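# Working through the structure, step by step
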Amino acid sequence: PAVVEDKPAQICKVKSAADTNTFLIPLGNIIADDKSELATGDPVRCSQCRGILNSCSVLTPAAPPFEANRLWTCEFCACLNMVDETDAEAPRSPTLTFVLEPAPPVGTSPQVTPYVVFCVDISSSMGTRDGGPSGPTRLDCVKTAVVSQIDNLAQTQPDTVVVLITFGNGVTIFGDYSRRVNVTGR
């Protein structure tokens, strides 16, 4: 560090007003937020970084012949965007809920295929016998538990898609057993 008047220089950290890699969403906002502003249609996105026009955004009038539009400088990438939002249509609330498609009719529920993913450690530590020298290995116990769960799913939810991911020296994904995918390996 530089020395000024026999004192070390202070190191300052500068943080931009908006950081696309870090954000905080209070859990209460995800579950239910009575203060959320309801917006229909698609959100207004930045043409460069796809950031969304929000309550912190500043809209300024565009020059002729585009005076019906507004200019918005994206808070994330500083790209200048022309938007056709009026000041009245601009987001005012820090929390917006966009309705992108209509709700399903009452009494119907969409068919969602359930997935269950088993992640199994197959490293050498799973060869340890916890019940003594003649007891089952840790991997034997995991295999028994997984087979039991799959048998239970076959009885109670036969449409469930089961995926097995093993990891040790590498990661392998087993889906419908038509092929295996090695994600990493040595």
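Residues numbered from 1 in each chain as written. Predicted model: local features only at pLDDT ≥ 70, side-chain atom pairs only at ≥ 80, totals over all residues. Heavy atoms only, no water.

## Section: the sheet that holds strand β4 (residues 59-61)
Where we set the bar: At least two DSSP bridges between two strands are needed for those strands to be called paired. Comment: elements are numbered from the N terminus, with helices defined as DSSP H or I runs of at least four residues and strands as E runs of at least two. Lines fitted to C-alpha atoms define the axes, with helix axes restricted to the stretch in contact, and inter-axis angles between N-to-C directions lie between 0 and 180 degrees.
Strand order in the open sheet formed by three strands is β4-β5-β6, and the pairing between neighbours is antiparallel. Each edge of the sheet is formed by a strand with only one pairing partner; in this case those strands are β4 and β6 (80-83). Within this sheet the neighbouring strands show an average axis-to-axis angle of 35°, counted without direction. Pairing analysis gives four bridges linking strand β5 (residues 70-73) to β6, with the strands arranged antiparallel. Considered in β6, the bridge of T73 is made with L80.

## Section: the pairing of β5
Here β4 runs beside β5; their pairing, made up of three bridges, is antiparallel. Across the sheet, P61 pairs through a bridge with R70, a residue of β5. In textbook terms, the turn of a hairpin is the stretch between consecutive antiparallel strands, and for β5 and β6 this stretch comprises six residues, one of which, A78, has a positive phi near 65°.

## So, helix α2 (residues 138-156)
The criterion, for reference: Here a helix's expected span is defined as the number of its residues, less one, multiplied by 1.5 Å. Whether a residue is buried, partly exposed or exposed follows from its accessible area with a 1.4 Å probe, protein chains only, as a fraction of its type maximum: under 20%, in between, or over 50%, in that order. It is the directions from the helix axis to the C-beta atoms whose arc is reported.
Along its 19 residues, α2 runs 27 Å from first to last C-alpha, staying within 8% of the 27 Å computed at 1.5 Å per residue. Of all the residues in α2, the buried ones are L139, V146 and L153. Across the axial projection of α2, the buried residues extend over an arc of 50°, all falling on one side. Set apart from the buried face of α2 by more than 90 degrees, the exposed residues are T144, Q155 and T156.

## What to know about the nonpolar core
What tends to happen in soluble globular proteins is that the nonpolar side chains get buried as a cluster. Keep this limit in mind: Grouping buried Ala, Val, Leu, Ile, Met, Phe, Trp, Tyr and Cys residues that are joined through side-chain atoms within 4.5 Å yields what is termed a nonpolar core. Residues are treated as being in contact if the distance between any of their heavy atoms lies within 4.5 Å.
Of all hydrophobic cores here, the largest spans nine residues; its members are V44, C46, L53, L59, W72, C74, C79, V83 and A90. Leave out the neighbours within four places in its chain, and V83 touches V44, L59, N69, R70 and W72. Ranked by size, the runner-up nonpolar core spans five residues in total, among them F118, M126, L139 and V146.

## So, the environment of N54
This is how it is decided: Between N or O atoms, a polar contact is any pair within 3.5 Å; within protein, one atom must be a potential hydrogen donor and the other a potential acceptor, and residues adjacent in sequence are included only when both atoms are from side chains.
Along the chain, the position of N54 falls in the loop between β3 (37-40) and β4. The exposure class of N54 is partly exposed, given its relative accessible area of 21%. Counting along the chain gives 36 residues from N54 to A90, while the straight-line C-alpha distance between them is 7.5 Å. Not counting residues up to four positions away in its chain, the partners in contact with N54 are E75 and P91. A distance of 2.7 Å separates the side chain of N54 from the backbone nitrogen of C56, its partner in a polar contact.

## With respect to the environment of P94
Among the structural elements, P94 can be located in the loop between β6 and β7 (96-99). Since its relative accessible area comes to 76%, P94 is described here as exposed. Separated by 57 residues in sequence, P94 and E37 have C-alpha atoms that sit 8.4 Å apart.

## Considerations on the state of the cysteines
Where two cysteines share a covalent bond between their sulfur atoms, that bond is called a disulfide. Which entries qualify depends on this criterion: By definition, disulfides here are pairs of cysteine sulfur atoms that lie within 2.5 Å.
One pass over the full model with this rule turns up zero disulfides. The thiol of C46 is unpaired, and the distance to the nearest cysteine sulfur, on C77, comes to 3.5 Å. Among the cysteines around C79, which has no disulfide bond, C46 carries the closest sulfur, lying 4.3 Å off.

## Concerning the side chain of N69
Among the structural elements, N69 can be located in the loop between β4 and β5. Given a relative accessible area of 19%, N69 falls into the buried group. The residues contacting N69, other than those within four sequence positions of it, are P61, A62, M82, V83 and D84.

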